[in-house]
Amino acid sequence: MIDDILKDAEVRMGKTIEALKNDLSKMRTGRASTGLVEHIQVSCYGSETPLNQVANISVGDARSLTVTPWDKSMVKPIEKAIMDSGLGLNPVTAGEVIRIPLPPLTEERRKEMIRLVRQEVESSRVAVRNIRRDANSDLKALQKEKEISEDDERRGSELIQKLTDQKIVDIDKLLEEKEKDLMEI
């Protein structure tokens, strides 16, 4: 039973970290990254579809992305979706290929991005701590129902705390990497 609670907590904490990685990949740094535009929704044949499902996205160089639609008729809708995305990008169309130059980040914008990254990271830390709290309350409930001993409950809590500490360290590493990327010129 303790193993089940521990495994469940580990899976949920892992999902929290994956969600954080996904969110951080969407935040713009000094370098071009396909993750910046993959999630943009394009109006495609009457439905909203992620950009990476209607076009090939590649990194042209450190400061530009290249989007090649699979269907020539999708060039205009893709261009419009990129402009309306709120990312401050201005795509340039050259025939069937859409180039997205990424303007360099200003110092002010970098600091703003770091603030946003720290907010995302803090929400992930809170989510991990909430998972720890849930797991500990499950252990206490089992102990209260006399399904596990007090010693087992204490050992389980210690294991959950170790897991929580490790996941927080992982989250802090992600923060450190993203801050380093943002401050790179």
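Residue positions are given per chain, counted from 1 along the sequence in the order it is written. Per-residue local features are limited, in this predicted model, to residues with pLDDT of at least 70; the limit for side-chain atom pairs, both in listing and counting, is 80 or more; totals at the level of whole chains, interfaces and linings are taken over all residues. No hydrogens and no water enter the side-chain calculation; it runs on all heavy atoms of the structure.

Peer 1: Can you break down the overall build of the protein chain residue by residue, with the values?
Peer 2: Secondary structure elements are taken from DSSP: a helix is a run of H or I of four residues or more, a strand is a run of E of two residues or more, and numbering for both begins at the N terminus. Helix and strand content of the protein chain: four helices and six strands. Ordering the α and β elements of the protein chain from the N terminus gives α-β-β-β-β-α-β-β-α-α. Here the C-alpha atoms of the protein chain give a radius of gyration of 22 Å, more than 25% beyond the 16 Å that 2.2 N^0.38 yields for 185 residues. Across its three principal directions, the C-alpha atoms of the protein chain cover 70 × 40 × 20 Å. Within the protein chain, the fraction of its 185 residues that count as buried is 38%. Each accessible area is a Shrake-Rupley estimate made with a 1.4 Å probe; only the visible protein chains count as cover when residues are assessed. Surface accessibility of the protein chain: about 10800 Å² in total, with carbon and sulfur atoms responsible for 50%. Side chains of the protein chain give 31 positive and 35 negative charges; the mean places of these two sets differ by 3 Å. Put simply, the radius of gyration uses C-alpha atoms, and a globule should come to 2.2 Å times the residue count raised to 0.38. Partly exposed describes any residue whose relative accessible area lies between the buried limit of under 20% and the exposed limit of over 50%, with all areas from a 1.4 Å probe on protein chains only and scaled to the type maximum. In summary, the charge assignment counts Lys and Arg as positive and Asp and Glu as negative, without counting His or the chain termini. Charged groups are reduced to one reference atom each: NZ for lysine, CZ for arginine, CG for aspartic acid, CD for glutamic acid.

Peer 1: Give a description of the pairing of strand 1 (residues 41-44) that names residues and reports values.
Peer 2: The side chains of a regular strand alternate, residue by residue, between the two faces of the sheet. On strand 1, burial follows the alternation: V42 and C44 on one face are buried, whereas Q41 and S43 on the facing-out side are not. Two strands form a pair only when DSSP identifies at least two bridges running between them. Judged from the four bridges that link them, strand 1 and strand 2 (residues 47-50) form a sheet pairing that is antiparallel. The residue of strand 2 that forms the bridge with C44 is S47. Between strand 1 and strand 2, which pair antiparallel one after the other, the connecting turn spans two residues, and Y45 there sits at a positive phi close to 50 degrees.

Peer 1: Please give an account of the sheet that holds strand 5 (residues 92-94) that cites residues and values.
Peer 2: Sheet strands pair via backbone hydrogen bonds, and the direction of the pair is either parallel or antiparallel. Read from one edge to the other, the open sheet built from four strands follows the order 3-4-6-5, with strand pairing classed as antiparallel. Looking at the sheet topology across the chains shown, the edges are occupied by strand 3 (55-61) and strand 5. Ignoring which end each strand starts from, the neighbouring axes of this sheet average 25 degrees apart. Direction of pairing for strand 5 relative to strand 6 (residues 97-101): antiparallel, over a ladder of three bridges. Counted as the bridge partner of T93 is I98 from strand 6. It only takes one pair of heavy atoms within 4.5 Å for two residues to be counted as in contact. The angle between two axes is taken between their N-to-C directions and runs from 0 to 180 degrees, where each axis is a line fitted to C-alpha atoms and a helix contributes only its stretch in contact. The strands that helix 2 (residues 75-83) touches are strand 3, strand 4 (64-69), strand 5 and strand 6; relative to strand 6, the one it contacts most, it runs at about 15 degrees.

Peer 1: How would you sum up the environment of V117? Please name residues and give values.
Peer 2: Its location among the elements puts V117 in helix 3 (residues 107-144). Given the relative accessible area of 0%, V117 is considered buried. Taking C-alpha positions, V117 is 7.7 Å from K178, a pair spaced 61 residues apart along the chain. The residues contacting V117, other than those within four sequence positions of it, are L24, M27, L175, K178 and L182.

Peer 1: Describe in detail helix 1 (residues 2-25), supporting the description with residues and values.
Peer 2: In a regular helix each residue adds 1.5 Å, so 24 residues correspond to 34 Å; helix 1 covers 35 Å between its end C-alpha atoms and thus fits that length. Taken together, the buried positions of helix 1 are occupied by I2, I5, A9, M13, T16, I17, L20 and L24. Against the buried residues of helix 1 lie helix 3 and helix 4 (150-183). Here, expected helix span is obtained from the residue count minus one, scaled by 1.5 Å.

Peer 1: I'd love a proper account of the packing of helix 3 against helix 4, names of residues and values included.
Peer 2: Their axes nearest at 10 Å, the elements helix 3 and helix 4 cross at an angle of 170 degrees. The angle between the axes of helix 3 and helix 4 places the two elements in the roughly antiparallel class. For the contact of helix 3 with helix 4, the per-class residue count stands at 13 nonpolar, seven polar and 13 charged. Angle categories are assigned with fixed cut-offs, so that under 35 degrees is roughly parallel, over 145 is roughly antiparallel, 65 to 115 is roughly perpendicular, and the rest are oblique. When residue character is reported, Ala, Val, Leu, Ile, Met, Phe, Trp, Tyr, Cys and Pro are called nonpolar, Asp, Glu, Lys and Arg charged, and the others, Gly included, polar.

Peer 1: Pulling in residues and values, what's your account of unusual backbone geometry?
Peer 2: Backbone geometry at K146 places phi at a positive 65 degrees, although glycine is not the residue there. Here K146 shows up in the loop between helix 3 and helix 4. Classification of K146 as exposed rests on a relative accessible area of 73%.

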